[in-house]
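Coordinate analysis (summary)
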Amino acid sequence: MSLERANRDGLVLYGCGKMGAALLQGWLARGLNPRAVTVIEPAPSDWVRTASADAGVALNAPLPRSPAVCVVAVKPQVMTKVLGELRCYGNGATLVVSIAAGVTLRRFEESLGTRTPLVRTVPNTPAAIGKGITALVGNTAASEADMALAEALLGAVGKTETLDSEDAMDAVTAVSGSGPAYVFLLIETLAAAGVACGLRSDLAMRLAKSTVAGAGSLAETASEEPSELRRNVTSPGGTTEAALEVLMDRSDGLGEMLVRAVRAAERRGRELGK
């Protein structure tokens, strides 16, 4: 992963909430010069203030004239204002990378111009511990070098996947962008089920957290597909089979619920994009 271009020409991080701060931490840990960074954030955290005071990150300073890249990490609701402030980078050499859910490349082009190199991305919250996964897609003005820089920036906090078309972005958002919330809900409900069966709440929560985390790590590292791992732990006539008969019910099981949930998230993503 090379951040040489950002080190040489500078990087603007517009928005430094939880996700933006996770990205900045990852970049600095992988060799980005803090003095090459300008952060725009009206309500900076203590960590961001410290990075500014101690490491030399420029906080809420005037925007540099032509940085290598500007990463836009704000909520979609304030995007119109932010795009107005970033028109100085329109149709120039600065690569604009967005992590804003539902905001399309077309909307960026309408504000900044079609010759502006743009990359739209969808990271997720495990980026905070370097375990994220981010999907990326660029516009026609984004060169191979631009895409490589975007992959390097998002690769600092986990894995990356480059998409062939922006059409897949809403589905990606519904699966991996929103997906951590589904997993957290699974932990909550699994622990609650343990309590319902007589376990202490603290013990049930520890069991649920470790089980989900361990199963996820196994699924990621094992050579077998998740379906095979599931079959491996399901003995005929055993306890796991009894539970899976409920969870895999064709009418109201977990599979059908997740399909409805992901489709609802995808529809909302399309609505936000409008």
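Our structure is the block above this text.
Residue positions are given per chain, counted from 1 along the sequence in the order it is written. Local features are withheld for residues below a pLDDT of 70 in this predicted model, meaning they are given only at 70 or higher, and side-chain atom pairs are given and counted only at 80 or more; totals for whole chains, interfaces and linings count all residues. To obtain the side-chain values, all non-hydrogen atoms of the structure were used and water was disregarded.

1. A look at the nonpolar core
Among the nonpolar cores identified, the biggest contains 34 residues, and Leu11, Leu13, Trp27 and Leu153 are the most heavily contacted of them. Put simply, DSSP H or I for four residues or longer makes a helix, DSSP E for two residues or longer makes a strand, and each gets a number counted from the N terminus. Put simply, the parts of the chain that give this core at least two residues each are strand 1 (11–14), helix 2 (18–29), strand 2 (37–40), helix 3 (46–55), strand 4 (69–72), strand 5 (95–98) and helix 6 (144–155). For this core, the leading source of residues is helix 6, giving six residues. If we ignore the near neighbours within four places in the chain, the residues touching leucine 153 are Leu3, Leu11, Leu23, Trp27, Val69 and Val71. Definition of nonpolar core: a set of buried residues of the types Ala, Val, Leu, Ile, Met, Phe, Trp, Tyr and Cys, connected through side-chain atoms within 4.5 Å. Note on exposure labels: buried denotes an accessible area under 20% of the residue type's maximum, exposed denotes more than 50%, and partly exposed covers the range between, all computed with a 1.4 Å probe on protein chains only. The next biggest cluster of nonpolar side chains, apart from the first, holds 24 residues, and it includes Val74, Leu86, Val122 and Val172. Residue contacts are counted whenever heavy atoms from the two residues lie within 4.5 Å of one another.

2. Side note on unusual backbone geometry
With a phi close to 55 degrees, asparagine 60 is a non-glycine residue in the positive phi region. With respect to the helices, strands and loops of the structure, asparagine 60 is situated in the loop between strand 3 (58–59) and strand 4. With a relative accessible area of 41%, asparagine 60 lands in the partly exposed category. Of note, the phi angle at asparagine 91 is positive, near 55 degrees, even though the residue is not glycine. By the element assignment, asparagine 91 lies in the loop between helix 4 (79–85) and strand 5.

3. Section: the sheet that holds strand 6 (residues 118–122)
Across a sheet, strands are paired by hydrogen bonds formed along the backbone, either parallel or antiparallel in direction. DSSP calls a pair of strands paired once it identifies at least 2 bridges connecting them. Here we have eight strands laid out as an open sheet, ordered 3-2-1-4-5-6-7-8, and mixed in their pairing. Strand pairing shows two members of the sheet lacking a second neighbour, strand 3 and strand 8 (158–162), which therefore form its edges. The pairing of strand 4 with strand 5 spans four bridges and is parallel. Residue pairing across strands places cysteine 70 opposite valine 96, the latter belonging to strand 5. Every angle, taken between N-to-C directions, lies between 0 and 180 degrees, and every axis is a line fitted to C-alpha atoms, over only the stretch in contact when it is a helix. Where helix 2 meets the sheet, its contacts fall on strand 1, strand 2 and strand 4, and the angle it forms with strand 1 comes to roughly 155 degrees.

4. Brief notes about the environment of glycine 113
Along the chain, glycine 113 turns up in the loop between helix 5 (105–112) and strand 6. Glycine 113 sits 47 residues away from serine 66 along the chain, and the two C-alpha atoms are 16 Å apart. The residues touching glycine 113, leaving out its near neighbours within four places in the chain, are Asn91 and Phe108.

5. A short note on a nonpolar patch on the surface
A surface patch of nonpolar side chains, about 350 Å² in accessible area, is lined by Leu247, Met248, Leu254 and Leu258. Among the structural elements, leucine 247 can be located in helix 11 (residues 239–247). Overall, leucine 247 belongs to the partly exposed group, its relative accessible area being 42%. Candidate patch residues must exceed 30% relative accessible area and have no salt bridge, after which like charges are joined if within 9 Å and Val, Leu, Ile, Met, Phe, Trp or Tyr side chains if within 5 Å. In this description, accessible areas are obtained by the Shrake-Rupley approach with a 1.4 Å probe, and a residue is regarded as covered only by the protein chains that are shown. A pairing counts as a salt bridge when a side-chain nitrogen of Lys or Arg comes within 4 Å of a carboxyl oxygen of Asp or Glu.

6. A short note on the pattern of salt bridges
This structure, assessed with the given rule, holds twelve salt bridges. Linking aspartate 9 and arginine 8 is a salt bridge whose minimum nitrogen-to-oxygen distance equals 3.1 Å. Judged by its relative accessible area of 56%, arginine 8 is exposed. Residue arginine 200 pairs with aspartate 202 through a salt bridge whose shortest N-O separation is 3.2 Å. Through salt bridges with shared partners, one network takes in Asp170, Glu266 and Arg270.

7. Side note on the packing of helix 8 (residues 179–196) against helix 9 (residues 201–221)
Geometrically, a packed helix pair is captured by the angle between its two axes and the distance between the axes. For the pair helix 8 and helix 9, the least separation of the axes is 8 Å and the interaxial angle reads 140 degrees. Between helix 8 and helix 9, the angle is such that the two are oblique. Between helix 8 and helix 9 lies a crossing of right-handed hand. Contacts from Val183, Leu186, Ile187, Leu190, Ala191, Gly194 and Val195 in helix 8 reach Ser201, Ala204, Met205, Ala208, Lys209 and Val212 in helix 9. Oblique is the label for any angle not under 35 degrees, not over 145, and not in the 65 to 115 range, which are roughly parallel, roughly antiparallel and roughly perpendicular in turn. Handedness of a helix crossing follows the sense of rotation of the near helix relative to the far helix, less than a right angle counterclockwise being left-handed and clockwise being right-handed.

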